[in-house]
Amino acid sequence: METTANGEPPQKFRPLWGRSILWLLFLGPLFFLSYGYSNHIAASLGVEKSLFYEWERSIPFLPWTIGPYWVIDLFYGLSFLLCRTLTEVNRHALRLLTAQLISVACFLAFPLRFAFERPQVDGFFGTLFDALMGFDLPYNQAPSLHISLLVIIWARFSSVSSPLWRMVVNVLALLIGVSVLTTYQHHFIDVPTGALVGLLCLWLWPDNGSSPVAPRIGRMTRQHLRVGSRYLLAAAASCVPGFKHGGWALWSLWISLSLLLVCIIYFTADAKGFQKTNGRRSLAASLLLAPYLIGAWVNSRLWTLFLPTPVAITDDIWLGRNPSGKEFATAVPGGFSALVDFCPELSTPRSVQRNVSLPWLDLISPTTLQLIEAVHAIEKTRLETSARGPILVCCALGYSRSASAVIGWLYQTRRCASIDEAIALVQSKRPRITLSDRHMLVLRSLERMREESESADEEQ
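All values derive from a computational prediction rather than experimental measurement.

A. Spatial organisation of empty space enclosed by the protein. Inspection of every chain in the model, using the stated rule, returns 2 cavities of 30 Å³ or more. Forming the walls of the largest cavity are Y35, F114, R118, M133, D136, L137, P138, Y139, Q141, Y184, Q185 and H186. Grouping the constituent residues of the lining of the largest cavity by class yields 7 nonpolar, 3 polar and 2 charged. Within this model, the second largest cavity holds a volume of roughly 30 Å³.

What follows is the structure, encoded as structure tokens:
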């Protein structure tokens, strides 16, 4: 008999009909009312403005693709039946609701019209087009709500599909995505903007854990505010070319969005916004933050250009930058046995078998509690895996976050008698480590804690 990892029979999957139906009864009417309202407003204003590239005139009109275009309505309802918990049902519904609200707000803020004349279609496909035109006027263009919903629904189907069925789901999703162009419903720019909205909804409402924008009372410090404000200014500056010049410059809005999301992550003081689990980020975070992530990777390589290899500190603990797969496997004979990783903005090589991730935001000093947690994680990993090889402790550069963690580990495990001695040891191995005044305050707090503990023991 088939069993789970706990030796118990697997529970039969049962759709959560009640909650799913309630959400559909709410979302269905909301979709038609809000979508129809924005269409009506654009029609009453006589909107004629369009946004397209000249090469789009060569896109063929394929009447049969109205079939895949309509299929998404069926998948919309079925997607709720694939949710396994109440949290998944609610998060899936919130994604669809958020996509609807964002898209309709954009339709009202900058209404656009489809520019090309759709050919007359007869027969069965003509009937489908006539049904569509009964409520869908040639407005509501960017971002494509059709694409936004497709991204969200595809993620739900893909998450529960076997490898074979995932291929089928991917092909159907591709057909639906292309159909918005070949049925002359949308221009090209509507597709990537719609995909960004869908990905944003996936990022905002993950299946597990809190939303990245959930407030964290009392956690934001001046450091978070200062660094976050820099990203906010950079986001504002990077969107200027897109709004000023249009055309291909509109892609700068992707850069702006990624920087804005990083700003939000700093303002909420929670590195979990990078959604990195077991060394890999979620698809939504990877694509939304791609411009920033590419910049962060390039920056890490430039700053460590002359010190790319990790260095041995003591007792099988090594310190270095976030490694490539080759560096992790070949920097030491036989490769590293584990990775203790402090940089949520960079992915871990797929070849890493044991990865301990402690996400610390760049340019932000850790709290004393975070530092103690890091010390325990390093020592636990060393005890469990060092027999199979050394452990690499890393951050983006190996100069600050991981360096402070290793210094704390050296002191807390009494390999060094003082913080100064620990700093001197690490600095002798990796001279370019950088510790801010705030880092030093947190490290010194470990000394004070030990002194207080020893004083209490003496008094007893």
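B. View of the nonpolar core. Grouped together as the largest cluster of nonpolar side chains are 110 residues, with contacts concentrated most on L149, W203, F342 and V406. When neighbours within four sequence positions are excluded, V406 is seen to be in contact with I313, I317, L319, I378, V393 and V426.

C. Focus on unusual backbone geometry. Cis geometry is found at the peptide bond from A142 to P143, where omega equals -5 degrees. Its place among the elements puts P143 in the loop between helix 4 (123-133) and helix 5 (145-159). With a phi angle near 55 degrees, N278 is a residue other than glycine that sits in the positive phi range. Summarising the element assignment, N278 is placed in the loop between strand 1 (276-277) and strand 2 (280-281).

D. Just the packing of helix 2 (residues 66-79) against helix 5, in detail. Relative to each other, helix 2 and helix 5 sit at 45 degrees, their axes nearing to 10 Å. By the angle between their directions, the pair helix 2 and helix 5 is classed as oblique. For the pair helix 2 and helix 5, the sense of crossing is left-handed. Across from Y69, I72, F75, Y76, L78 and S79 in helix 2, the residues of helix 5 making contact are H146, L149, L150, I153, R156 and F157.

E. Broad picture of the sheet that holds strand 3 (residues 311-314). Taking strand neighbours across the sheet as the criterion, the 5 strands line up as 3-4-7-5-6 in an open arrangement whose pairing is mixed. Strands with a single pairing partner mark the edges of an open sheet, and in this sheet they are strand 3 and strand 6 (355-357). Across the sheet, the mean angle from the axis of one strand to that of its neighbour is 25 degrees, orientation sign disregarded. Of the pairings in the sheet, the one linking strand 5 (residues 338-341) to strand 6 comprises 3 bridges and is parallel in character. Among the inter-strand pairings, V340 is bridged to a residue of strand 6, identified as V356.

F. Layout of helix 8 (residues 222-238). Taking 1.5 Å per residue, 17 residues should reach 24 Å; helix 8 reaches 24 Å between its end C-alpha atoms and fits that length. Listing the buried residues of helix 8 in full gives Q223, H224, V227, G228, Y231, A235 and S238. All buried residues of helix 8 fall inside an arc of 110 degrees around its axis, so they share one side. Within helix 8, the exposed residues directed more than 90 degrees away from the buried face are R222, R230 and L233.

G. Main features of helix 6 (residues 163-182). Between its terminal C-alpha atoms helix 6 stretches 29 Å, which fits the 28 Å expected from 20 residues at 1.5 Å a residue. By the burial criterion, the buried members of helix 6 are V169, A173, I176, G177, S179, V180, L181 and T182. Residues of helix 6 that are buried sit in contact with helix 2, helix 5 and helix 7 (190-204). Y184 occupies a position one or two residues after helix 6 and carries a positive phi of about 55 degrees.

H. Broad picture of the pattern of salt bridges. According to the stated counting rule, one finds 16 salt bridges in the structure shown. Across the salt bridge formed by R301 and E327, the nearest N and O atoms sit 3.8 Å from each other. Here E327 lies in helix 13 (residues 325-330) and R301 lies in helix 12 (residues 290-303), a separation of 26 residues in the sequence. Among the ionic pairs, R444 bridges to E447, the shortest N-O distance being 3.3 Å. Of this pair, R444 and E447 are both found in helix 17 (residues 437-459), 3 residues apart, which corresponds to roughly one turn of the helix. Judged by relative accessible area, which is 26%, R444 ranks as partly exposed.

Each value, and the rule that gives it
- All residue numbers refer to positions counted from 1 along the written sequence of the respective chain.
- Per-residue local features are limited, in this predicted model, to residues with pLDDT of at least 70; the limit for side-chain atom pairs, both in listing and counting, is 80 or more; totals at the level of whole chains, interfaces and linings are taken over all residues.
- Calculated side-chain values reflect all of the structure's heavy atoms, with hydrogen atoms and water omitted.
- Throughout, the protein atoms alone are placed on a 1 Å grid, and a set of points is a cavity if a 1.4 Å probe fits but cannot get out or a pocket if it is open with protein on both sides within 12 Å along at least five of seven lines; lining residues have an atom within 4 Å of a point.
- Grid points are joined across faces, edges and corners, and a volume is the space filled by probe spheres set on the points.
- Polarity classes work like this: nonpolar for Ala, Val, Leu, Ile, Met, Phe, Trp, Tyr, Cys and Pro, charged for Asp, Glu, Lys and Arg, and polar for all others, with Gly in that last group.
- Take the buried Ala, Val, Leu, Ile, Met, Phe, Trp, Tyr and Cys residues and link them wherever side-chain atoms come within 4.5 Å; each set so joined is a nonpolar core.
- The buried label applies to any residue whose accessible area, calculated with a 1.4 Å probe on protein chains only, is under 20% of its type's maximum; exposed applies above 50%, and partly exposed to all values in between.
- The contact rule is simple, with two residues in contact once any of their heavy atoms fall within 4.5 Å.
- Helix and strand definitions here come from DSSP, where helices need a minimum of 4 consecutive H or I residues and strands a minimum of 2 consecutive E residues; each element is numbered from the N-terminal end.
- Here, axes are lines fitted to C-alpha atoms. For helices the fit covers the stretch in contact, and angles between N-to-C directions go from 0 to 180 degrees.
- Orientation categories follow fixed angle ranges, with anything under 35 degrees roughly parallel, anything over 145 roughly antiparallel, 65 to 115 roughly perpendicular, and all other angles oblique.
- Crossings are sorted by hand: turned counterclockwise from the far helix by less than a right angle, the near helix makes the crossing left-handed, and turned clockwise it makes it right-handed.
- By this definition, two strands are paired if DSSP reports at least two bridges between them.
- Every helix has an expected span of 1.5 Å times one less than the residues it contains.
- Of all possible arcs, the one meant is that of the directions from the helix axis to the C-beta atoms.
- The term salt bridge refers to a pairing of a side-chain nitrogen on Lys or Arg with a carboxyl oxygen on Asp or Glu at a separation within 4 Å.

Structural measurements only, silent on function.
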